[in-house]
Amino acid sequence: MAVNPPGEPQAGAERAAAPGNLAPLSLHVPEPRFRPGDTPDYSYLDIPAAGTAPRPDEACPASDTWGLTTGLIRVLDDEARAVGPWDPGLSADHLRRALRMMALTRAFDDRMYRGQRQGKTSFYMKSTGEEAVSIGCAFALAHDDMIFPSYRQQGMLISRGYPLVDMVNQIYSNRADRLKGRQLPIMYSARDFGFFTISGNLATQIPQAVGWAMASAIKGDTRIATGFVGEGSSAEGDFHAGMTFAAVYNAPVVLNVVNNQWAISSFSGFAGGERATFAQRAQGHGIAGLRVDGNDLLAVYAAMRWAANRARSGHGPTLIEHFSYRTEGHSTSDDPAAYRSAREAAEWPLGDPITRLKRHLIALGEWSIEQQETMDREAAEEVRDATRAAEKNGILGHGLHHPFHTMFEDVYETLPWHLEEQADQAIRERRIKWPDWKEEG
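Participant: Describe the overall build of the chain, and please don't skip the residues or the numbers.
Facilitator: Tallying secondary structure elements over the chain gives 13 helices and five strands in all. Along the three orthogonal principal directions, the C-alpha set of the chain runs to about 80 × 80 × 55 Å. When burial is assessed residue by residue, the chain has 49% of its 441 residues classed as buried. Taking the contacts inside the chain whose residues are at least 6 apart along the sequence as the reference set, 75% of them involve residues at least 24 apart. Accessible surface, the chain as shown: approximately 21,000 Å² in total, 51% of it carbon and sulfur. A distance of 3 Å separates the average location of the 45 positive side-chain charges in the chain from that of its 56 negative side-chain charges.

Participant: Kindly report on empty space enclosed by the protein, identifying the contributing residues and their values.
Facilitator: Tallied over the full model, the rule gives one cavity of 30 Å³ or more. Broken down by class, the residue content of the lining of the largest cavity amounts to four nonpolar, two polar and three charged.

Participant: Break down the side chain of Asp 293 for me, citing the residues and quoting the values.
Facilitator: Among the structural elements, Asp 293 can be located in strand E4 (residues 288–293). The buried category is assigned to Asp 293, whose relative accessible area is 0%. Only 2.9 Å separates the side chain of Asp 293 from the side chain of Arg 356, close enough to count as a polar contact. Leave out the neighbours within four places in its chain, and Asp 293 touches Leu 72, Ile 73, Arg 74, Ala 299, Val 300, Phe 323, Leu 350 and Arg 356.

Participant: Go over the layout of surface pockets, please, and point to the residues and values.
Facilitator: Empty space within the largest pocket amounts to approximately 590 Å³. Taken together, 28 residues make up the lining of the largest pocket; nearest its centre are Tyr 44, Leu 45, Gln 261, Ser 268 and Gly 273. Looking at the lining of the largest pocket residue by residue, the classes come out as 14 nonpolar, six polar and eight charged. Put simply, the second largest pocket is a space of about 350 Å³. The wall of the second largest pocket is formed by 23 residues, among which Tyr 151, Arg 152, Leu 202, Ser 233 and His 330 lie closest to the centre. Grouping the constituent residues of the lining of the second largest pocket by class yields 11 nonpolar, eight polar and four charged.

Participant: Could you give me a rundown of the pattern of salt bridges, with the residues and numbers involved?
Facilitator: Applying the stated criterion to the full structure yields 24 salt bridges. With a closest N to O distance of 2.9 Å, Asp 410 and Arg 182 form a salt bridge. Highlighted residues: Asp 410 in the loop between helix H12 (369–391) and helix H13 (417–433) and Arg 182 in the loop between helix H5 (164–172) and helix H6 (205–219), separated in sequence by 228 residues. The closest approach of N and O atoms between Asp 296 and Arg 356, which form a salt bridge, is 3.8 Å. Of the two residues, Asp 296 sits in the loop between E4 and helix H9 (297–312) while Arg 356 sits in helix H11 (residues 353–363), which places them 60 residues apart along the sequence. Both residues of the pair, Asp 296 and Arg 356, count as buried. Salt bridges linked by common partners bring Arg 74, Asp 293, Asp 296 and Arg 356 together as one network.

Participant: For the nonpolar core, give the residues involved together with the corresponding values.
Facilitator: Core analysis: the biggest nonpolar cluster contains 76 residues, and Trp 86, Phe 108, Ile 186 and Tyr 188 have the highest contact counts within it. A per-element tally of this core places H9 first, with 12 residues. Excluding anything up to four places from it in sequence, Trp 86 contacts Ala 53, Pro 54, Arg 55, Pro 56, Leu 68, Ile 73, Val 75, Leu 290, Ala 302, Ala 303 and Trp 306. Judged by nonpolar contacts, the second largest core, of 22 residues, contains Ala 203, Met 243, Ala 282 and Ile 287.

Participant: Hey, could you go over a nonpolar patch on the surface for me, with residue numbers and the actual values?
Facilitator: Among the surface-exposed residues, Leu 27, Val 29 and Phe 270 lie close enough to one another that they form a single nonpolar patch of about 350 Å² accessible area. One can find Leu 27 in the loop between helix H1 (13–17) and helix H2 (92–117). On the basis of relative accessibility, which here comes to 76%, the residue Leu 27 falls in the exposed class.

Participant: An account of H11 is requested, with residue identities and associated values reported.
Facilitator: Those residues of H11 lying buried are Pro 353, Ile 354, Arg 356, Leu 357, Lys 358, His 360 and Leu 361. Among the residues of H11, the N-terminal cap falls to Asp 352, whose side-chain oxygen and the backbone nitrogen of Ile 354 are separated by 3.0 Å. Immediately downstream of H11, the backbone of Gly 365 shows phi near 80 degrees, a positive value.

Participant: Describe the pairing of strand E3 (residues 253–259), and please don't skip the residues or the numbers.
Facilitator: A large share of E3 lies buried, amounting to seven of its seven residues. The alternating pattern of E3 places Val 253, Leu 255, Val 257 and Asn 259 on one face and Val 254, Asn 256 and Val 258 on the opposite face, and all of these are buried. Viewed along the sheet, the connection from strand E2 (residues 225–230) through helix H7 (residues 237–248) into E3 turns out right-handed. Pairing of E3 with strand E5 (residues 318–323), which is carried by six bridges, proceeds in the parallel orientation. Bridging across to E5, Asn 259 finds its partner in Phe 323.

Rules of the game
Residues numbered from 1 in each chain as written. Predicted model: local features only at pLDDT ≥ 70, side-chain atom pairs only at ≥ 80, totals over all residues. Heavy atoms only, no water. Helix = DSSP H or I, 4+ residues; strand = E, 2+ residues; numbered from the N terminus. Buried < 20%, exposed > 50% of the residue type's maximum accessible area, 1.4 Å probe, protein only. Contact = heavy atoms within 4.5 Å. Areas by Shrake-Rupley, 256 points an atom, 1.4 Å probe, with all protein chains shown as cover. Lys, Arg positive; Asp, Glu negative; His and termini not counted. Charge placed at Lys NZ, Arg CZ, Asp CG, Glu CD. 1 Å grid on protein atoms, 1.4 Å probe; cavity = no way out; pocket = protein on both sides within 12 Å on 5 of 7 lines; lining within 4 Å. Points joined across faces, edges and corners; volume = space filled by probe spheres on them. Nonpolar A, V, L, I, M, F, W, Y, C, P; charged D, E, K, R; others polar. Polar contact = N/O pair within 3.5 Å; in protein donor to acceptor, adjacent residues only side chain to side chain. Salt bridge = Lys/Arg side-chain N within 4 Å of Asp/Glu carboxyl O. Core = buried A, V, L, I, M, F, W, Y, C linked by side-chain atoms within 4.5 Å. Patch = residues over 30% accessible without salt bridge, like charges linked within 9 Å, V, L, I, M, F, W, Y side chains within 5 Å. Right-handed = clockwise from strand over helix to strand, strands pointing away. Pairing = 2+ DSSP bridges.

Printed below as a string of structure tokens:
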């Protein structure tokens, strides 16, 4: 390329320096509507009345669902009645079980949060305000469908009957931790319960769920897969790669974006939420899409059941956006007061999922305030008992952990000589540094 002598304008320089009548470019940086100290006003949200969204046939063309990606599927109205074509018609017993699972999940979160503040574990993440997403989806799936969760789907594991004490053992990374201290707290793995290992790497769940679903189809199985990400993670490349594979191979999978409005400190606009709903990404990939009130357990259940039936009958994948709100911090390491209004959670117009289902059961004459108080107390006691049992196996930092040698195990069926040497060396160095240390059996 020819270069002009020093002091003379280089090629193209005059065009860059002389915009003429053109206005200078500017970069758009998304800004949340409310910051700390602001009074939230959610009047800008278009929240349709419950029961107004049409319910297409599960075998319909994907394009018949795209009108449902901009509205909001809602079942519970302002009087706590179940209305409209998406009402799944669940029995009172079914609703009570769902309510109990939500109460148990919240009680578990509260106790583990306190445990982290007491130094019993290093880290925790709550799902407060999002329980309807996990419980509604878990109840709508078959027991052997495979779940590829993010880190706020603990309610799905609880709903499938996984022992609370084993969850606490994992959080405490103690000597009874089934994962032997090899995962961050709350990143459970339970193959026997159809619960894939939680990953701290964002959006990995989507291509994994799609690949598992494709394998199920190749084998001629009847099981489907479902994967979860937050709206922030939907900006990751893995999300879009997974969506492409799901569409191309008509994978029997349900993909979920839990839009709780905030990633760790950035609002949904940084993931593209200013331009369109997250459910509308289904249209770009040519698959079915639904947008659902994520604080309405009946709506979540109905949407997941619809999508699961569609996938199981060979009609392909569905993307569901669960429109909700993260009432707590991103994790115990986060302070949401630094970046959002303290009144946002209280003003959130879709309410609290437990309160809404409780009011519905009361309106049916199948529940009472006294029964709710008893349930909440029993849930707290069940979590307390599980926590006390787990604490006998150790908590963070007091030495009751898996034997040191196990950190070298479980990759090879027979430990190769070089890893044995490394293990022996590590143990020798540990004994030199801490002469009183004894390897546990």
